[in-house]
Amino acid sequence: MEVQWLGIFPGVFTGLVLGLTGSGGAIIAVPLLIFGLGATVAEAAPVALLSVGVSAAVATYSSFRQKIVRYRAASLIAGTGMLITPAGVWVAQQFSDALLTVLFSAVLIYAAWYMYRKRRESATQPEMAVSLPCQLDLESGRLIWTIPCARGLLASGATTGFLSGLLGVGGGFIIIPALRKISDLPMKTLIATALSITALISLSGVVSATSMGFMNWALALPFTAGTITGTLVGKRYAHSFDEAKLQRGFAILAWCIAFGMLVKVIYMESAFS
């Protein structure tokens, strides 16, 4: 196995984004692998899952020590996602690279739009109290379990698991918005819970891809090493930057990447037609 050491550099950039913004690692990893190293979406997805999953696991360790992870909610979402992820990995191998690229671009555009919109709203509007399916018990600090709450968590897990396997995405930009729509968890707890879910679902995707023979370890190992390094550096200097500006900047970058991927698909299809 000849290790592709150049994978370290896009890995470091992915880690910097993850460390500075707290999300967006997977959706930036796949385009970097495609444009920088010539991988297909189906090849890049398992590599992205490994790198982001390991980084999420490292970040989750401190959250467990602080006891801010909602274990039961994370277990239900992650358990559902882990069951669905292999289906997404298998489906990805059946689709053409052009179709997967279009699907990935659509998800990337939506993620960037959501991030940009939420940052603008949080800067101009106060939070409104609404009735949500999953309510927090203020005395125990745990969620009050109801059928609507469980149903919302199951749906979040299924969506996250399938997209993780299919496109190598499904971290914070999917789980965090989903949890915000169905629960009133504090942001610190929400992010910690989302990271633990990301780590578990990514593990399922990595195991599935490896067992099916789809994991490129020669690329995955240096890319993951670079991601961990970049994440640690990004977290160290994240306080030096304005969070809202970072999120908006990342959203604009994501839109540019999505547009570039669509242009590439159109060019390749026209060249071979």
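The model shown is predicted, which means the values in this text are computed figures rather than measured ones.

Novice: How should I be thinking about the overall build of the chain in this particular structure?
Specialist: For the chain, the count of helices and strands is 10 helices and 2 strands. Ordered by position from N to C terminus, the α and β elements of the chain give α-α-α-α-α-β-β-α-α-α-α-α. In the chain, once contacts between residues fewer than 6 apart in sequence are set aside, the share between residues at least 24 apart is 82%. For the chain, the accessible area works out to roughly 13,500 Å², and carbon and sulfur atoms hold 66% of it.

Novice: When you look at the side chain of serine 105 in this model, what are you seeing that I'm missing?
Specialist: The topology assignment puts serine 105 in helix 5 (residues 97–124). Judged by relative accessible area, serine 105 falls into the buried class, the value being 0%. Setting aside anything within four residues of it in sequence, one finds serine 105 in contact with Ala258, Met261 and Leu262.

Novice: How should the state of the cysteines be read in this particular structure?
Specialist: Working definition of a disulfide: a covalent bond connecting the sulfur atoms of two cysteines. Tallying each qualifying case throughout the model produces 1 disulfide. Here cysteine 134 engages in a disulfide with cysteine 149; their sulfurs sit 2.0 Å apart. Judged by the torsion about the S-S bond (105°), the cysteine 134/cysteine 149 disulfide is right-handed. Of this pair, cysteine 134 sits in the loop between helix 5 and strand 1 (135–136) while cysteine 149 is found in helix 6 (residues 147–167), placing the two residues 15 residues apart along the sequence. Residue classification places cysteine 134 among the buried residues on the basis of a relative accessible area of 0%.

Novice: Sorry if this is basic, but what is going on with the packing of helix 3 (residues 41–66) against helix 8 (residues 187–211) here?
Specialist: Helix-helix packing is characterised by the crossing angle of the two axes and by the distance between the axes. At a minimum axis separation of 7 Å, helix 3 and helix 8 run at an interaxial angle of 140°. Looking at the two axes, helix 3 sits oblique to helix 8. Relative to helix 8, helix 3 is oriented so that their crossing is left-handed. Residues Pro46, Leu49, Leu50, Val52, Gly53, Ala56, Ala57, Ala59, Thr60, Ser63, Phe64 and Gln66 of helix 3 form the contact with helix 8, whose own contacting residues are Lys188, Ala192, Leu195, Ser196, Thr198, Ala199, Ser202, Gly205, Val206 and Ala209. In terms of residue class, the contact of helix 3 with helix 8 is made up of 13 nonpolar, 8 polar and 1 charged.

Novice: Sorry if this is basic, but what is going on with the environment of alanine 218 here?
Specialist: By the element assignment, alanine 218 lies in helix 9 (residues 217–237). Along the primary structure alanine 218 and valine 47 are separated by 171 residues, whereas in three dimensions their C-alpha atoms are 9.9 Å apart.

Novice: How should the nonpolar core be read in this particular structure?
Specialist: One recurring pattern in soluble globular proteins is that nonpolar side chains are buried together. Judged by nonpolar contacts, the single largest core of 39 residues is most densely connected at Phe104, Leu167 and Val169. When residues in this core are grouped by element, the largest group, 7 residues, is from helix 3. Listed in part, the 21 residues of the second largest apolar core include Ala73, Cys134, Leu179 and Ile182.

Novice: Would you explain helix 3 in this entry?
Specialist: Along an α-helix, residues three or four positions apart point the same way, because every turn accommodates 3.6 residues. Between its first and last C-alpha, helix 3 extends 37 Å over 26 residues, near the 38 Å set by a 1.5 Å rise per residue. In the structure, helix 3 departs most strongly from a straight axis at threonine 60, where the bend amounts to approximately 25°. Of the residues trailing helix 3, lysine 67 is marked for its positive phi of about 60°.

Novice: What should I look at first to understand the packing of aromatic side chains in this one?
Specialist: Ring pairs (aromatic) are described by centroid distance and by the angle formed between their planes. Here the structure, examined in full by the defined rule, presents 1 aromatic pair. Ring geometry for tyrosine 110 versus tryptophan 113: centroids 5.8 Å apart, planes at 40°, classification tilted. Taken together, the residues tyrosine 110 and tryptophan 113, both in helix 5 and 3 residues apart, mark about one turn of the helix. Owing to a relative accessible area of 40%, tryptophan 113 belongs among the partly exposed residues under this scheme.

Novice: I would appreciate a short explanation of the environment of threonine 80 in the present structure.
Specialist: With respect to the helices and strands, threonine 80 occurs in helix 4 (residues 71–94). On the basis of relative accessible area, threonine 80 is assigned to the buried category, the value being 15%. Sequence-distant contacts of threonine 80, defined by excluding residues within four places in its chain, comprise Leu154, Gly157 and Ala158. Separated by 2.9 Å, the side chain of threonine 80 and the backbone oxygen of leucine 76 make a polar contact.

What counts as what
Residues numbered from 1 in each chain as written. Predicted model: local features only at pLDDT ≥ 70, side-chain atom pairs only at ≥ 80, totals over all residues. Heavy atoms only, no water. Helix = DSSP H or I, 4+ residues; strand = E, 2+ residues; numbered from the N terminus. Contact = heavy atoms within 4.5 Å. Areas by Shrake-Rupley, 256 points an atom, 1.4 Å probe, with all protein chains shown as cover. Buried < 20%, exposed > 50% of the residue type's maximum accessible area, 1.4 Å probe, protein only. Disulfide = S-S within 2.5 Å. Axes fitted to C-alpha atoms, helices over the stretch in contact; angles between N-to-C directions. Parallel < 35°, antiparallel > 145°, perpendicular 65-115°, else oblique. Left-handed = near helix turned anticlockwise from the far one by under 90°. Nonpolar A, V, L, I, M, F, W, Y, C, P; charged D, E, K, R; others polar. Core = buried A, V, L, I, M, F, W, Y, C linked by side-chain atoms within 4.5 Å. Expected span 1.5 Å × (residues − 1). Bend = angle between axes of the 7 residues up to and from the residue. Phe/Tyr/Trp six-rings, centres within 6.5 Å; stacked < 30°, edge-to-face > 60°. Polar contact = N/O pair within 3.5 Å; in protein donor to acceptor, adjacent residues only side chain to side chain.

Shape is all these values report; function is a separate question.
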